[in-house]
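# A closer look at the structure
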Amino acid sequence: MELGCVVRSAPEAERAARLPLDYLEIKGDMLCVERGEFAALCDRLHAAGLPFKAMTSPLPRRFKCRVVGPDADHAAALKVFGDLCERGAALGVRTVVLGSGQARGIPPGYSSGQALRQFREFLVRAHQVCARHGMTLALEPLNRTETNFVNSCAEARAVVGGLTEVDVRITADCFHIMSEQLPIADEVAAAGPAIGHAHTSSVPRGSGDFQEGAQREFVTALLAAGHRGGLTIEDEFGDFGPEAAAAVDVFRRVLSAASAAASGPSLP
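Notes on the structure in this doc start here. What you see is a predicted model; the values in this text were computed from it and never measured. (Residues numbered from 1 in each chain as written. Predicted model: local features only at pLDDT ≥ 70, side-chain atom pairs only at ≥ 80, totals over all residues. Heavy atoms only, no water.)

### What to know about the nonpolar core
- Ranked by internal contacts, the top residues of the largest apolar core, which has 89 residues, are Leu59, Phe119 and Phe218.
- The greatest single-element share of this core, amounting to 9 residues, is contributed by helix α10 (residues 240–263). (Core = buried A, V, L, I, M, F, W, Y, C linked by side-chain atoms within 4.5 Å. Buried < 20%, exposed > 50% of the residue type's maximum accessible area, 1.4 Å probe, protein only. Helix = DSSP H or I, 4+ residues; strand = E, 2+ residues; numbered from the N terminus.)

Next up, the structure:
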């Protein structure tokens, strides 16, 4: 399994590239620059030296996109989504993580069935955008402080399982699973072969408390589900350099322990 880290600026990318990471994951907000500035940003990011394999936040809050509810505007949301996917593709992004809780929250009194239909329609069209760029779309369940819709891997599996014409994957996130106080192994198993990406962090984010036992359970469950792709650290670092380095040390240790346990005891 590869280890990555979310970065929110070019300086963070440059610092992260000096750590024992396999890739970086970019925040969509970071790509919201004028067209004339984008080429220079790409040059600087490429020069950092690590590949950008994933992108999160493809519907930044500043655009106030809505994909469910009476005010849903798929055309406007897809314009933002498409622009950021095009920019992400220029950096080599191959996985787009769709969290975007504000865009998918169900308004009070609105039909949950109608919201589900709207959301599935958006996922199909977003998947088509990703496919044109050779990207995978991975829906991320979020905890209830961020949205009231799709709060578990089990719920995400039900959503994507209803899509017959496209293959939307799931991003399993240890932080959201633990925030919802859900059984880690059960949640990962519920997503199962639909897992396309994974996130993790300290709990709560920014606390520096990585709860290594829970993290080992998470990684062990990912391996058991057959996930061999990316595990991205998505945290809120106050001082990125030393705090990100400490987090990478933790997760390198967690990955090593979980992999060793999965391979079983060595022969004498």
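### Some words on the pairing of strand β5 (residues 136–139)
- In this structure, strand β4 (residues 95–98) lies alongside β5, joined through 4 bridges in parallel fashion. Within the sheet, the bridge partner assigned to Val97 lies in β5 and is Ala138.
- Across 2 bridges, β5 lies against strand β6 (residues 169–173) in parallel orientation. Counterpart to Ala138 in the pairing with β6 is Arg169.
- Between β5 and its parallel partner β6, the chain crosses via helix α6 (residues 153–161), and the hand of that crossover is right-handed. (Pairing = 2+ DSSP bridges. Right-handed = clockwise from strand over helix to strand, strands pointing away.)

### Considerations on the sheet that holds strand β7 (residues 195–200)
- The parallel closed barrel is built from 8 strands, whose spatial order is β1-β2-β3-β4-β5-β6-β7-β8. Neighbouring strand axes in the sheet, compared pairwise and without regard to direction, differ in orientation by 30° on average.
- Pairing analysis gives 4 bridges linking β6 to β7, with the strands arranged parallel. In the strand pairing of β7, Ala172 is matched with Ala198. (Axes fitted to C-alpha atoms, helices over the stretch in contact; angles between N-to-C directions.)

### Topic: the packing of helix α2 (residues 35–48) against helix α3 (residues 74–90)
- Where α2 meets α3, the closest approach of the two axes is 10 Å, and the angle between their N-to-C directions is 40°. Here the hand of the crossing between α2 and α3 comes out right-handed. Residues Arg35, Phe38, Cys42 and His46 of α2 pack against Asp83, Glu86, Arg87 and Ala90 of α3.
- When the residues that make up the contact of α2 with α3 are grouped by side-chain class, the tally is 3 nonpolar, 1 polar and 4 charged. (Left-handed = near helix turned anticlockwise from the far one by under 90°. Contact = heavy atoms within 4.5 Å. Nonpolar A, V, L, I, M, F, W, Y, C, P; charged D, E, K, R; others polar.)

### So, the pattern of salt bridges
- The full count for this structure, using the stated rule, is 11 salt bridges.
- Note that Asp22 and Arg252 form a salt bridge whose closest N and O atoms lie 3.1 Å from each other. One end of the pair, Asp22, is in the loop between α1 (10–16) and β2 (23–27); the other, Arg252, is in helix α10, with 230 residues separating them in the sequence.
- When its relative accessible area of 29% is taken as the criterion, Arg252 is described as partly exposed.
- Where Asp173 meets Arg205, a salt bridge forms, and the shortest distance between an N and an O atom there is 3.4 Å. You can see Asp173 sitting in strand β6 and its partner Arg205 sitting in the loop between β7 and α9 (212–224), a full 32 residues away along the chain. Of the two residues examined, Asp173 and Arg205, each falls in the buried class.
- One connected set of salt bridges, linked through shared partners, spans Asp173, Arg205 and Glu234. (Salt bridge = Lys/Arg side-chain N within 4 Å of Asp/Glu carboxyl O.)

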